[in-house]
Amino acid sequence: MIEVITLDNGLKIVMEDIPYVRSIAFGIWVKTGTRYEKPEENGVSHFIEHLMFKGTNKRSARDIAEEMDSVGGQINAYTTKEYTCYYTRTLDKHFDKSLDVLSDMIFNSKFDPDDIEREKEVIQEEIEMYLDAPEELVHDALEEAVWRETSLGMPICGTFDTLKDMDRAVIKGYYDRTYRPKNAVIAVAGNFKRDEMLEKLKNVFGLWSNEKYENIEYETATYMPSIITINKDVEQIHMCFTFKAPKRDSERKYSMAVMNTLFGGGMSSRLFQRIREDAGLVYSIYSYTSLYSDTGVMTVYACTSPQKAEAVIESVFREFKSLRDEKLEQRIIDVTKEQIISNYIIGSESTASRLNSNGGGLALTGKILPMEEILEKMETVDYESIKETADEIFVADNFSFSAVGNIGNIDFEGLIENGKKILCD
């Protein structure tokens, strides 16, 4: 059973007791990510995430790692465009340890100036790593281009210029404004007693203050169709084909999930079978969606040799047109829905999966959809709803493209114009 409780300080707690497991997953979501940052402080959310592991008033960075390792537990964190998440997984008998460690990090991290200077170098290396990896750079460069008018286009890690000016005053000021109970969600999933768990969480987080809290409103994202090419001395060309898509909470998300899965979601997908297996044009090709609170994109990634780039681009556009214009067999739709439903149900048996679903859902949308409702809506997806979704997404005027590699004299703009003609025919 899933239960949501709001404490007097505005903190939302979502608990799901799963009595047949022996572990507890515990997480804290803070609505702070790239979208909430000012241009001059870009990267501060991600920087804070790193600093949380550098020590508190009573624990060193080594202590944090050793205490979790000593009970066989896991502790980690990640930052996205719209939130930062910290989470642990331990046996149920060790939950008190993870609660103590994680709450200590959230409340008492030192943000030591020496740690900040050292961590700048670590994050600079992280940025360099992404810049050196064409399979990462091709996605990031396109995202930054299509959302460049608003904060959604800023990189999660920040830039070399913004890192340079990142000091304790900037970091602590941002932390004070955002790491507050009104801006956070706590989730716990696993084997616990409801009243006992709630009392523990209240004792630790009930006095968390909203002092200095600022409700930051970010601008609605503006999608800007873009073509970006980056010359890099690597063997293959990495390409992304992107269209504007509905937002995360759109009613189209179910038909979009089915469409994306059958189009490029695995080895049985149309893209993989037709462009890799039948034509032999690529080694890797897949599609995915990136959905945000107010917008989204659907993207195809493909990697090929420079000699085959023209054929791949034409083939991908033909597959866009085929998916939009040709009637899908009901058998294929049913198989794809069963694949998604099975993966969802199997995944929901993991405490980590339940934690992410509950905590992330409450933090991002303010609600948690029951599993039965999700499955029911997935079952209603049919050819007509997929057709409507494809018609909305695969619009030539909303197309964007990125390529990273030995681009040489390849006329990408000309190839894309030809591709758009295929789409419009």
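Only a predicted model underlies this, so the values are computations on that prediction, with no experimental measurement involved. (Residues numbered from 1 in each chain as written. Predicted model: local features only at pLDDT ≥ 70, side-chain atom pairs only at ≥ 80, totals over all residues. Heavy atoms only, no water.)

J.: In this structure, what is going on with the side chain of Asp115? I would like to understand it.
T.: Within the secondary structure, Asp115 is located in helix H4 (residues 113–132). Judged by relative accessible area, Asp115 falls into the buried class, the value being 13%. A distance of 2.5 Å separates polar atoms of two side chains, one belonging to Asp115 and the other to Arg118. In this view, Asp115 contacts Leu51 and Lys54; residues no more than four positions away in its chain are not counted. (Helix = DSSP H or I, 4+ residues; strand = E, 2+ residues; numbered from the N terminus. Buried < 20%, exposed > 50% of the residue type's maximum accessible area, 1.4 Å probe, protein only. Polar contact = N/O pair within 3.5 Å; in protein donor to acceptor, adjacent residues only side chain to side chain. Contact = heavy atoms within 4.5 Å.)

J.: So what exactly am I meant to see when it comes to the sheet that holds strand E5 (residues 84–91) here?
T.: Sheets are built from strands paired through backbone hydrogen bonds, the pairs being either parallel or antiparallel. Across the sheet, six strands lie side by side as E1-E2-E6-E3-E5-E4; this open sheet has mixed pairing. Single-partner strands in this sheet number two, and they are strand E1 (2–6) and strand E4 (74–79). Sheet twist, expressed as the mean angle between neighbouring strand axes with direction ignored, is 15 degrees. Across five bridges, E1 lies against strand E2 (residues 12–17) in antiparallel orientation. Within E2, the position partnered with Thr6 by the bridge is Lys12. On the sheet, helix H1 (residues 44–51) packs against E4 and E5 and is oriented at approximately 165 degrees with respect to E4. Contacts from helix H3 (residues 95–108) reach strand E3 (23–30), E4, E5 and strand E6 (184–190), with the element oriented near 160 degrees to E5. (Pairing = 2+ DSSP bridges. Axes fitted to C-alpha atoms, helices over the stretch in contact; angles between N-to-C directions.)

J.: Which parts of the structure should I look at to understand the packing of H4 against helix H5 (residues 134–146)?
T.: A pair of packed helices is characterised by two quantities: the angle between their axes and the separation of those axes. At a closest axis distance of 5 Å, the pairing of H4 and H5 adopts a crossing angle of 95 degrees. As the angle between them shows, H4 and H5 are arranged roughly perpendicular. Residues Tyr130, Leu131 and Asp132 of H4 touch H5, and the partners they reach there are Pro134, Glu136, Leu137 and Asp140. Taken together, the residues that form the contact of H4 with H5 break down as four nonpolar, no polar and three charged. (Parallel < 35°, antiparallel > 145°, perpendicular 65-115°, else oblique. Nonpolar A, V, L, I, M, F, W, Y, C, P; charged D, E, K, R; others polar.)

J.: Help me understand the environment of Cys157, please; the structure alone is not making it clear to me.
T.: Within the secondary structure layout, Cys157 lies in the loop between H5 and helix H6 (160–164). A residue is classified by how much of its surface remains accessible, and Cys157, at 11% relative accessible area, is buried. Between the alpha carbons of Cys157 and Ala221 there is a distance of 19 Å; along the sequence they are 64 residues apart. Among all residues touching Cys157, those that are not within four sequence positions of it are Gly43, His46, Ile123, Glu126, Ile127, Tyr130 and Leu163.

J.: Is there a simple way to think about the layout of surface pockets in this case?
T.: Where empty space is left can be seen by rolling a probe of water-molecule size over the atoms. Computed from the structure, the largest pocket encloses a volume of approximately 1100 Å³. Arg248, Lys253, Tyr344, Ser357 and Ile374 are, among the 34 residues lining the largest pocket, the residues nearest its centre. Those elements that provide at least two residues to the lining of the largest pocket are helix H9 (253–264), strand E9 (284–291), helix H12 (330–347), helix H13 (351–365) and helix H14 (371–379). Sort the elements by how many residues they give to the lining of the largest pocket and H13 lands first, with eight residues. (1 Å grid on protein atoms, 1.4 Å probe; cavity = no way out; pocket = protein on both sides within 12 Å on 5 of 7 lines; lining within 4 Å. Points joined across faces, edges and corners; volume = space filled by probe spheres on them.)

J.: Just to check I follow, could you spell out the pattern of salt bridges for this structure?
T.: Two side chains that carry opposite charge are able to pair once their charged atoms sit near each other. According to the stated counting rule, one finds 36 salt bridges in the structure shown. Glu66 is the salt-bridge partner of Arg62, the closest N and O atoms lying 2.8 Å from each other. Within this pair, Arg62 and its partner Glu66 are both found in helix H2 (residues 61–70), separated by four residues, close to a single helical turn. On the basis of relative accessible area, Arg62 is assigned to the exposed category, the value being 59%. The network of salt bridges with common partners includes Lys58, Arg59, Glu67, Lys97, Asp100 and Asp104. (Salt bridge = Lys/Arg side-chain N within 4 Å of Asp/Glu carboxyl O.)

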